[in-house]
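# Examination of the molecular architecture
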Amino acid sequence: MNGTDLDGYSGVEQCIILKQGEVRMKSRRLGIWRKRYVVLFAPSSKGPTRLVKYADERGFREERQLSFFRMQDVTTVVRLSFNEDHGITISLTGGEVRQFICNDANDAEDWLQKLQTEAGKSDTLPVGHFRAFLIPSMFLNYDGECIVEVTADCVNVFTDTTKRDKVAGMKISCIRRYTSNPEKRNNNLLIENGRSQEPIGESLLLFKSYQAVDIYNRLDTSARRLRGSVSFGNSSNESFNRRVRRSRSTSNTMPRERQNNLGLNSL
């Protein structure tokens, strides 16, 4: 994947914003009211429904967040009792409180409605389902936010939670390699699909998700069950490396350009 493809992922934030704007927020330690930029995000590959605080709008554009809390942890959202009702008080589980003052009454009312709508709402998906961002590739006509479903024997990719539009389906028994490196903290998940009866065929798919490690673990568990393995560690990748070596022996009959497109020379 080239740099341009990955750059597109930074734009995810723009398409999942429920509300954003400058407010005066009360600091928890000193009780000082400071100008801050806050953004209410819908659930996506970058995180759950949450309210994120930035130092200013530039900090938001550069994705340098100061703090955040999940809307799932919000118990109540009400108006402040002073400053002409331009303020908002947010109570969290555990007794914590966040307060900020808006520019005017209309802005405060809009914040109140949107925050109350999302307060306490769980955006957890069914077991085996994860939010991810599919990086553009030559193997699929679709890229962007998606839902990855990992079953006992398949990995399916859908455009959204309704699962009406299926982007791809891969049999786990035909997957050559799956990797995720949490130490790099890049939220990457790479799946290399081998030859199968599925329309997608041989392919390399790169996903980005704050749940990348969870997807990997779910996929690894399913793969182990299919192999009947009871050992853990790096055995899954060793098994898939054996498949890769076998695929290399068969790839010698393929045109060099086709091998490069499939990434066989880089494994």
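Residues numbered from 1 in each chain as written. Predicted model: local features only at pLDDT ≥ 70, side-chain atom pairs only at ≥ 80, totals over all residues. Heavy atoms only, no water.

Going by what an unreviewed UniProt entry lists, the protein is known as PH domain-containing protein and is assigned to Magallana gigas.

One pass over the structure, following the stated rule, counts four aromatic pairs. With a centroid separation of 5.6 Å and an interplanar angle of 75°, the aromatic rings of phenylalanine 100 and tryptophan 111 are classed as edge-to-face. Here tryptophan 111 lies in helix H3 (residues 105-118) and phenylalanine 100 lies in strand E7 (residues 97-101), a separation of 11 residues in the sequence. What makes phenylalanine 100 buried here is its relative accessible area of 0%. Classification of tryptophan 111 by relative accessible area gives buried; the value is 0%. Chaining the aromatic ring pairs together yields one cluster made of Tyr37, Tyr54 and Phe60. (Phe/Tyr/Trp six-rings, centres within 6.5 Å; stacked < 30°, edge-to-face > 60°. Helix = DSSP H or I, 4+ residues; strand = E, 2+ residues; numbered from the N terminus. Buried < 20%, exposed > 50% of the residue type's maximum accessible area, 1.4 Å probe, protein only.)

This part is about unusual backbone geometry. In the Ramachandran plot, glutamate 63 falls in the positive-phi region, its phi being about 60° despite a non-glycine side chain. On the basis of relative accessibility, which here comes to 37%, the residue glutamate 63 falls in the partly exposed class. Of note in the backbone geometry, asparagine 187 takes a positive phi value of approximately 60° without being a glycine. With respect to the element layout, asparagine 187 can be found in the loop between strand E12 (175-179) and strand E13 (188-193).

Turning to the sheet that holds strand E8 (residues 129-134), a few remarks are in order. Strands in a sheet are paired, the pairing made by backbone hydrogen bonds, and the direction either parallel or antiparallel. Pairing is antiparallel across the open sheet formed by seven strands, whose spatial order is E11-E10-E9-E8-E14-E13-E12. Edge positions in the sheet fall to strand E11 (166-171) and E12, since each has one partner strand and no second. The average undirected angle you get between the axes of adjacent strands in this sheet is 30°. As paired elements, E13 and strand E14 (residues 203-208) share six bridges and run antiparallel to each other. Bridge pairing in E14 links isoleucine 191 to leucine 205. The sheet strands contacting helix H4 (residues 212-227) are E8, strand E9 (144-150), strand E10 (154-158), E12 and E13, and the helix crosses E12 at an angle near 145°. (Pairing = 2+ DSSP bridges. Axes fitted to C-alpha atoms, helices over the stretch in contact; angles between N-to-C directions. Contact = heavy atoms within 4.5 Å.)

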